[in-house]
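Observations on chain architecture
Letter by letter, the chains look like this.
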Amino acid sequence: MNKRLLMFKVHTFCYNSPYFFVDRTAEAFRNAGWEVEVFDGAKRELQELDTYSGQHFDAILDFNSGFPRADTTEGEYYLDTIDAPFYNYILDHPMYHHDELKPHLKNMNIICLDYDHAEYVTKWYPHVRSVNVLPLPGTKSTKEAPFKHRNNDLIFTGTYTEPAIIMGLIEDFGRELTLEMKTLIDMMFDDTELTMDRAFEALIRSFGKDPMKDAGEFFPGRMQAYFLVSTYVTAVFRERVVEQAALSEVPFTVIGHGWEKMSSLGTYPNVTVREPVDFDKTFDIMADSRAVLNIMPWFKNGCHDRIFSSMINGAVSITDGSGWFEGRLEAGVDHVEYSIKDIDAISDIVREAFDHPSKLEEIAENGRQKALRHTWETTADALISIFNKTS
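Described in the following lines is the structure provided in the data block. (Residues numbered from 1 in each chain as written. Predicted model: local features only at pLDDT ≥ 70, side-chain atom pairs only at ≥ 80, totals over all residues. Heavy atoms only, no water.)

A look at the sheet that holds strand β6 (residues 130-133)
A sheet is described by the order of its strands in space; here six strands give the open sequence β2-β1-β3-β4-β5-β6, paired in parallel fashion. Only two strands of the sheet have a single partner each, and these edge strands are β2 (35-40) and β6. Averaged over all pairs of adjacent strands, the angle between their axes in this sheet comes to 20°, without regard to strand direction. Looking at chain direction, strand β3 (residues 59-63) and strand β4 (residues 86-89) are connected through four bridges and run parallel. Bridge pairing links aspartate 62 to asparagine 88 in β4. The strands touched by helix α3 (residues 115-124) are β5 (108-112) and β6; relative to β6, the strand with the most contacts, the crossing angle is about 175°. The strands touched by helix α13 (residues 376-390) are β1 (4-9), β3, β4, β5 and β6; relative to β4, the strand with the most contacts, the crossing angle is about 140°. (Pairing = 2+ DSSP bridges. Helix = DSSP H or I, 4+ residues; strand = E, 2+ residues; numbered from the N terminus. Axes fitted to C-alpha atoms, helices over the stretch in contact; angles between N-to-C directions. Contact = heavy atoms within 4.5 Å.)

Here it is as structure tokens:
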């Protein structure tokens, strides 16, 4: 009998990316011989979720799931009514998912993109049965153009959020909390390797207290409440990195929501701002580009799928580094790397890469070979290994 996997499509995300991840994961599992049931809330009534109660599955897998909070009319957690271990694949820092991590489900397991995120979950949510790390893979376009004949030199895909708007929201918290949040921001600006949770722990220690013993009960909740700290820091650095890429004078196409609000971009003759596209269309654009700029969402020990998608489509990934890269990726060989510790050097790094087109093409091909280790098929295999290890 084939093993059975249950997945859900019931909530809306930016650019529909997790819906895309569900579809690709389901396809890879079916190719691996699994029977996959995908509940699609756009096609079925939510009440039909009750039909899974009492059923057996070998695993339930969801991305950024809201289901851990769901309960039945009898007051039981909904996921506990299904005979299956539950795996929540968290695509950003766990602080954004505090309400989903709090419930003491019978068999809740977490998959993270970053080893620091996994450490955070293990430390602050000890009731979680297992925590694993697995970066999302790259997705290959069916329309790849030859490297020398691609229409785009450098592209970036992603959303622009005005830092000033986020700061305005932070200042609405009241004097004491705003001061604490601004202190965390300053700490992360001063040390760009510092994660927000480690900054907060250091701040608590500066008051002569122990984060675990003296603040353990409120720490994860305060992290969730202070999520705008992370949002602000990442928005500021995204703006700075994109500005530096524009200064390189390399033809640069920026695609996504909100970039027309970054007025300085309009002053660069080499920059084109395009409307956002659905997530599944970005891979065709990558396959028609020589390089893709990546800016880590403050992942200090993980990897972003934009890197692998760039590589597998024959485009060079120009990205900031991560502890995850050590032993896996090599700067100057399979990707081009910059550091947000030295923002002003980015324009020269981009310009230097494009000044040597043969080397750029060589890096692109080396990156493609590395990305072949991170496909939807290899990810399904890794997930099956996680299921087997933790079942």
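Structural notes on the nonpolar core
Grouped together as the largest cluster of nonpolar side chains are 84 residues, with contacts concentrated most on Leu154, Val242, Phe252, Leu293 and Ile318. Among the elements that line this core, the one with the most residues is helix α8 (residues 227-247), at eleven residues. Contact partners of leucine 293, with chain neighbours within four places excluded, come to Leu154, Ile155, Phe156, Val241, Val242, Ala245, Phe252, Arg306, Ile318 and Tyr338. In terms of nonpolar packing, the next biggest core, distinct from the first, is built from 45 residues, Phe20, Ile255, Met311 and Ala371 among them. (Core = buried A, V, L, I, M, F, W, Y, C linked by side-chain atoms within 4.5 Å. Buried < 20%, exposed > 50% of the residue type's maximum accessible area, 1.4 Å probe, protein only.)

Description of the sheet that holds strand β11 (residues 316-320)
On the basis of which strands lie adjacent, the open sheet formed by six strands has the order β9-β8-β7-β10-β11-β12 and parallel pairing. Of all the strands in the sheet, the pair left with one neighbour each is β9 (271-274) and β12 (336-338). Neighbour-to-neighbour, the strand axes of this sheet turn through a mean angle of 20°, independent of strand direction. Pairing of β11 with β12, which is carried by three bridges, proceeds in the parallel orientation. Bridge pairing links isoleucine 318 to valine 336 in β12. Where α8 meets the sheet, its contacts fall on β7 (152-157), β8 (252-255), β9, β10 (289-294) and β12, and the angle it forms with β8 comes to roughly 150°.

Examining the side chain of serine 309
Looking at where serine 309 falls in the secondary structure, it is placed in helix α10 (residues 305-312). Side-chain polar atoms of serine 309 contact the backbone nitrogen of threonine 139, separated by 3.1 Å. Those residues within four positions of serine 309 in sequence are excluded, and the remaining contacts are Pro137, Gly138, Thr139, Phe283 and Met286. (Polar contact = N/O pair within 3.5 Å; in protein donor to acceptor, adjacent residues only side chain to side chain.)

Side note on the environment of isoleucine 346
Structurally, isoleucine 346 is set in helix α11 (residues 346-354). Along the chain, isoleucine 346 and aspartate 92 lie 254 residues apart, while their C-alpha atoms are 25 Å from each other.

Topic: a negative patch on the surface
Together, Asp186, Asp190, Asp191 and Glu193 give the surface a local cluster of negative charge. The residue aspartate 186 is located in helix α5 (residues 175-190) in this model. (Patch = residues over 30% accessible without salt bridge, like charges linked within 9 Å, V, L, I, M, F, W, Y side chains within 5 Å. Areas by Shrake-Rupley, 256 points an atom, 1.4 Å probe, with all protein chains shown as cover. Salt bridge = Lys/Arg side-chain N within 4 Å of Asp/Glu carboxyl O. Lys, Arg positive; Asp, Glu negative; His and termini not counted. Charge placed at Lys NZ, Arg CZ, Asp CG, Glu CD.)

Topic: the layout of surface pockets
When its volume is computed, the second largest pocket comes out at roughly 240 Å³. As for the second largest pocket, its lining consists of Val10, Leu46, Leu49, Asp50, Phe67, Ala70, Asp71, Thr72, Thr73 and Tyr78. Partitioned by chemical class, the residues of the lining of the second largest pocket number six nonpolar, two polar and two charged. (1 Å grid on protein atoms, 1.4 Å probe; cavity = no way out; pocket = protein on both sides within 12 Å on 5 of 7 lines; lining within 4 Å. Points joined across faces, edges and corners; volume = space filled by probe spheres on them. Nonpolar A, V, L, I, M, F, W, Y, C, P; charged D, E, K, R; others polar.)

Regarding the pairing of β1
Of all six residues that make up β1, six are buried, and the element is covered over most of its length. Neither face of β1 is left uncovered, since the one carrying Arg4, Leu6 and Phe8 and the one carrying Leu5, Met7 and Lys9 both have all their residues buried. Of the pairings in the sheet, the one linking β1 to β2 comprises six bridges and is parallel in character. Its bridge partner being in β2, leucine 5 is matched across the sheet by valine 36. Of the strand pairs in this sheet, β1 and β3 are connected by three bridges, and their pairing is parallel. Within β3, the position partnered with leucine 5 by the bridge is alanine 59.

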